[in-house]
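Coordinate inspection notes
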Amino acid sequence: MKEQPQSFPCYNPNINNEAVAENQTIDFFLSKRNQTKNMENQLELPKEGVTVGAKAIIETLLAAGVNRIFGYPGGTVIPFYDALYEYKGKMTHILTRHEQGAVHAAEGFARATGKVGVCVATSGPGATNLVTGIADAMMDSVPVVCITGQVPNHLLGSDAFQETDFVSITIPITKWNCRVKDARQLPEIIAKAIHIATTGRPGPVVIDVPRNVQVESFNWDEVSVEVPSYNPVRDASNDDILQAAGLINAAKRPLILCGHGVLICDAEKELIELAEMASIPVAVTFMGISAIPTEHPLYAGMIGMHGNYAPNYLTNKSDLIIAVGMRFSDRVTGDTKRYAKNAKIIHIELDSSEINKNVSRTFGIVSDAKRVLKRLLPLVKKLDRAAWLAEFKSRKQLEDEKIIKKAIKSSGSSISMSEAVYEISKQVDGDAIVVTDVGQQQMMTARYFSFKDPKTFISSGGLGTMGFGLPAAIGAKMACPEKRVITFLGDGGFQMTMQELGTILQENLDVKIVILNNEYLGMVRQWQELFFKKRYSFVGMKNPDFVAIAKAYGMNAQRVVGRGDLKGAVSKMLSSEGAYLLEIVVDKTQNVFPMIPGGAAIDEMILQDNEEK
């Protein structure tokens, strides 16, 4: 009788296991993923022969369609990197300049493709440098698998060099994590990790692999790879669908709120069809941007703290909110006690824990957004809601006059951040994947860039991670080399991960980098101005010569100060081959409006400077 591998400790605090009933072989698992994900480089796992743990990791990744990984080598993952040496041409490894860059790049890859992103780091500081990106992926439901090295099993608990209990550290910020005890477990654990990361509500998974496990030998015929049939996606009942359709048909002033879940489920087409059929305006959350084209006649704008006036104000006038794939975060709702008091709420959400979590009074449908919308379409009546749509048009015109026209054509001496974004958007005309960092430039991009295609806006939403933009743009470009990738960065966020210019240099990536430089931590400065009596505490930035830094990394670069040079500089950047850094010196004191102050209701917006509401 063959010796069975030891059981492995797996802590799983966040997965709904109601559907885990039977086991699936890896062949079944892989064939199913091939049907739904169009995976590349399908390889069967070896049927026999001797291998080592490190090679088993790579073989399983390849078999699951993963042929690009981001990482940084170190002592406890040297065996993995030694094995990787033999897979040139099969597995592409992108050497980032910091482990945080690796995990954010994996996020960018996953966000641009909908497939899993994979990164690798060594133990101790290498692993802990991944924590910010793992938390970011958890908050934004991004499928990422992080493989970390660990000290040998016999040294665990001895405070060995570069030992940290990374499994315990990441319990609250992962969908699942596991430390491997035996090399024979690796194929099953890696396959399971990818399955869990990408199934249901996506999220990050951590696999901690001790060094001795990476060098252990085993025969492939000793391995039995079984992946539990974790499948939390439910089908809504007929009664739920009929009740939702009845509420939609009876509503006089319905509003669709489109979240990131629509993009995750590839439900953009069905969402637009529903809106067009029933003449319902569509507002997007920050993470839902690009699910519906910006120029679509039913696009009402972005909702939330820095969202558009019409959807924010009219949320509290609506009699029905149809929330699809979103979680009613505090940035969307404002004061929940005064949120949508006149509305019934249909909440279509894959994760049952989100129903009635932040906003009560909801009729919840726990299922995949695409499935629900498809079933609703035949039941929804074609209605004329011209008067309701006219209210959105009127409020949009008010915002145009008070804010937008002034913002995109500033009369001041300095270039405004908004007009810089708008100029780039005009010249790009929707043909780009746009990645942002976090701060004022992030909100300006969300407001003033025009999107045509789904999955073309990538940013850190729930965690709000400065430093995200540059490495995430690298991941997006590696995922979609044929597409133009532009990243908007502030001078503060850029300096948190600007070492990743080295990755762009080494990989010869055509990424267009736009730094909107106001010499401030702009969003913090805005809060200090508006709510802390202009007590500007440690927000001024004395910056280096960004153009010189870019040129030191072998890329073309330009600095723009005058408005008259902006259009030509943008054109030059977009037409240039290879990476390009464009630093645009912008107005130091421009604020992002509208703005809902913390604790205010969603319709209590500051529209412009020196205005209370």
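Our structure is the block above this text.
Figured I'd write up the structure that's included with this text.

Thresholds applied
- Residues numbered from 1 in each chain as written.
- Predicted model: local features only at pLDDT ≥ 70, side-chain atom pairs only at ≥ 80, totals over all residues.
- Heavy atoms only, no water.
- Pairing = 2+ DSSP bridges.
- Helix = DSSP H or I, 4+ residues; strand = E, 2+ residues; numbered from the N terminus.
- Axes fitted to C-alpha atoms, helices over the stretch in contact; angles between N-to-C directions.
- Right-handed = clockwise from strand over helix to strand, strands pointing away.
- Contact = heavy atoms within 4.5 Å.
- Expected span 1.5 Å × (residues − 1).
- Buried < 20%, exposed > 50% of the residue type's maximum accessible area, 1.4 Å probe, protein only.
- Left-handed = near helix turned anticlockwise from the far one by under 90°.
- Nonpolar A, V, L, I, M, F, W, Y, C, P; charged D, E, K, R; others polar.

**What to know about the sheet that holds strand 17 (residues 362-366)**
With respect to topology, six strands assemble into an open sheet ordered 14-13-12-15-16-17, the strand pairing being parallel. If you trace the sheet from one side to the other, it starts and ends with strand 14 (299-302) and strand 17, each paired once. The mean inter-strand angle of the sheet, taken between neighbouring strand axes irrespective of direction, is 20°. Pairing between strand 12 (residues 254-258) and strand 13 (residues 282-284): three bridges, direction parallel. Within strand 13, the residue paired with I256 across the bridge is V282.

**Remarks on the pairing of strand 22 (residues 556-560)**
Across five bridges, strand 22 lies against strand 23 (residues 580-585) in parallel orientation. Bridging across to strand 23, N556 finds its partner in Y580. Handedness of the crossover joining strand 22 and strand 23 through helix 24 (residues 566-575) is recorded here as right-handed.

**Some words on the sheet that holds strand 18 (residues 433-436)**
With parallel pairing, six strands are arranged side by side in an open sheet as 19-18-20-21-23-22. This sheet does not close on itself; its edge strands, each paired only once, are strand 19 (457-458) and strand 22. When strand 20 (residues 485-490) meets strand 21 (residues 511-517), the two strands line up parallel, connected through six bridges. Looking at the pairing, L489 lines up with I515 of strand 21. Where helix 19 (residues 469-479) meets the sheet, it contacts strand 18, strand 19, strand 20 and strand 21, and its direction lies at approximately 175° from that of strand 20.

**Topic: the environment of C258**
Position of C258 relative to the elements: it lies in strand 12. Here the alpha-carbon distance between C258 and V585, two residues 327 residues apart in the chain, equals 34 Å. Each residue touching C258, except ones within four places of it in the same chain, is listed here: L271, V282, A283, V284, T285, G288, A291 and V324.

**Focus: helix 4 (residues 99-113)**
Because the α-helix completes a turn every 3.6 residues, residues three or four places apart line up on one side. Taking 1.5 Å of rise per residue, the 15 residues of helix 4 would be expected to cover 21 Å, and the 21 Å separating its terminal C-alpha atoms lies within 8% of that figure. The element helix 4 is extensively covered by neighbouring structure, given that 14 of its 15 residues are classed as buried. Positive phi appears at G114, one or two residues downstream of helix 4, with a value of about 80°.

**Topic: the packing of helix 10 (residues 238-250) against helix 15 (residues 369-376)**
Relative to each other, helix 10 and helix 15 sit at 65°, their axes nearing to 10 Å. In terms of crossing hand, the pair formed by helix 10 and helix 15 is right-handed. Residue-level contacts link N238, I241, A244, A245 and I248 of helix 10 to V372, R375 and L376 of helix 15. Counted by class, the contact of helix 10 with helix 15 contains six nonpolar, one polar and one charged residues.

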